[in-house]
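Residue strings, one per chain:
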Amino acid sequence: ASGARVFVCQPLFQNPTGAVLARDRRAAVLRTARAAGAFVVEDDFVRHLVHEDAGPPPPPLAADDTDGVVVHVASLTKATSPSFRVSALAARGPVLERLRAIQVVDAFFVPRPLQEAALELVGSPAWPRHLRALSAELRVRRDTMVSALRLHLPELALDHVPSGGYHLWPRLPDGADETALTAAALRAGVAFTPGRPYFCAEPPAGHARLSFAAVGGSAEIAEGVRRLRSACSEVLG
Ligand SMILES: Cc1ncc(COP(=O)(O)O)c(C=O)c1O
């Protein structure tokens, strides 16, 4: 009814909520797109960041797609390095040819040395070992942050603890000034992403996107939460 021709979604560990598309809604998404003559762009950006205790993730939506409705986008960046910018696009039918042509115009081609490095990396025995180590470390970091928040910042509501990805998304208390809290946190020496830009309409509440990726380890997470505690005490009272 909206006339939209494309539906962009992150079925696995959506950024910022960490939500996973419910099993019984997967078919509805594909059916609706098909009926509207639209494409589904599946941004599968954190498939390699499943936490150790999570069990196997659901397959990509693209696996259920029999009609060439889904364009699946995957990336190696998050599991390797922010500067290792190699991604993959999979689609069926004419849309693949069109996207390939656009890609050639847009970026010409992915540099050969980067392609070779990517192939060597994912083909090496060290790759699954790396993914296992990553998965274990992410779980430890998530649990460290969840425990520290529950202990020291009980006023932040953690409704959902994700089983993949690298951040938490607590809700701030009603009436909290998100901008003031972001500034106070920076003054206290910790940075987080405020929730406001993630909403296209008025947010139901303030949120904070707390990442546990760019830290040295659990000790830094504990220190970050301590600093956030002092910012919250200053701003939330
Ligand atoms: C939802 C989403 N899609 C895609 C990306 C980009 O992924 P990449 O770093 O692999 O380019 C990000 C980065 O944070 C993201 O949050």
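All of these numbers come straight from a predicted model, not from anything done at the bench. (Residues numbered from 1 in each chain as written. Predicted model: local features only at pLDDT ≥ 70, side-chain atom pairs only at ≥ 80, totals over all residues. Heavy atoms only, no water.)

A. Summary view of helix α1 (residues 23-36). Burial in α1 covers these residues: R26, V29, L30 and A33. Across the axial projection of α1, the buried residues extend over an arc of 90°, all falling on one side. Facing away from the buried side of α1 by over 90 degrees, the exposed positions are D24, R25, R31, T32 and A35. Following α1 by one or two positions, G37 adopts a phi angle in the positive range, close to 65°. (Buried < 20%, exposed > 50% of the residue type's maximum accessible area, 1.4 Å probe, protein only. Helix = DSSP H or I, 4+ residues; strand = E, 2+ residues; numbered from the N terminus. Arc of directions from axis to C-beta.)

B. Broad picture of the domain arrangement of the chain. According to the domain assignment, the chain consists of domain 1 (6-123) and domain 2 (128-236). The centre of domain 1, based on its C-alpha atoms, is set 26 Å off from the matching centre of domain 2. Taken together, the contacts link 16 residues of domain 1 with 19 residues of domain 2. In total, about 1700 Å² of surface goes out of reach between domain 1 and domain 2, with carbon and sulfur atoms giving 58% of it. When the buried surface of domain 1 facing domain 2 is broken down by residue, P16, H51 and E52 rank first, second and third, together holding 38% of it. One salt bridge connects R142 with D53, and the closest N-O pair in it is separated by 2.7 Å. Our count for the domain 1 to domain 2 interface comes out at 14 residue pairs in polar contact (both at pLDDT 80 or more). Within the side of domain 1 that touches domain 2, the residues separate by chemical class into 8 nonpolar, 5 polar and 3 charged. (Domains from an automatic or database assignment. Contact = heavy atoms within 4.5 Å. Buried area = accessible area lost by both parts, 1.4 Å probe. Salt bridge = Lys/Arg side-chain N within 4 Å of Asp/Glu carboxyl O. Polar contact = N/O pair within 3.5 Å; in protein donor to acceptor, adjacent residues only side chain to side chain. Nonpolar A, V, L, I, M, F, W, Y, C, P; charged D, E, K, R; others polar.)

C. Summary view of the sheet that holds strand β7 (residues 208-211). Strands sit in the order β5-β7-β6 across an open sheet of 3 strands; the sheet is antiparallel. Since the sheet does not close on itself, it has two edges, and those belong to β5 (167-168) and β6 (193-194), each with one partner. With 2 bridges joining them, β6 and β7 adopt antiparallel strand pairing. Directly across from P194, in β7, lies its bridge partner A208. (Pairing = 2+ DSSP bridges.)

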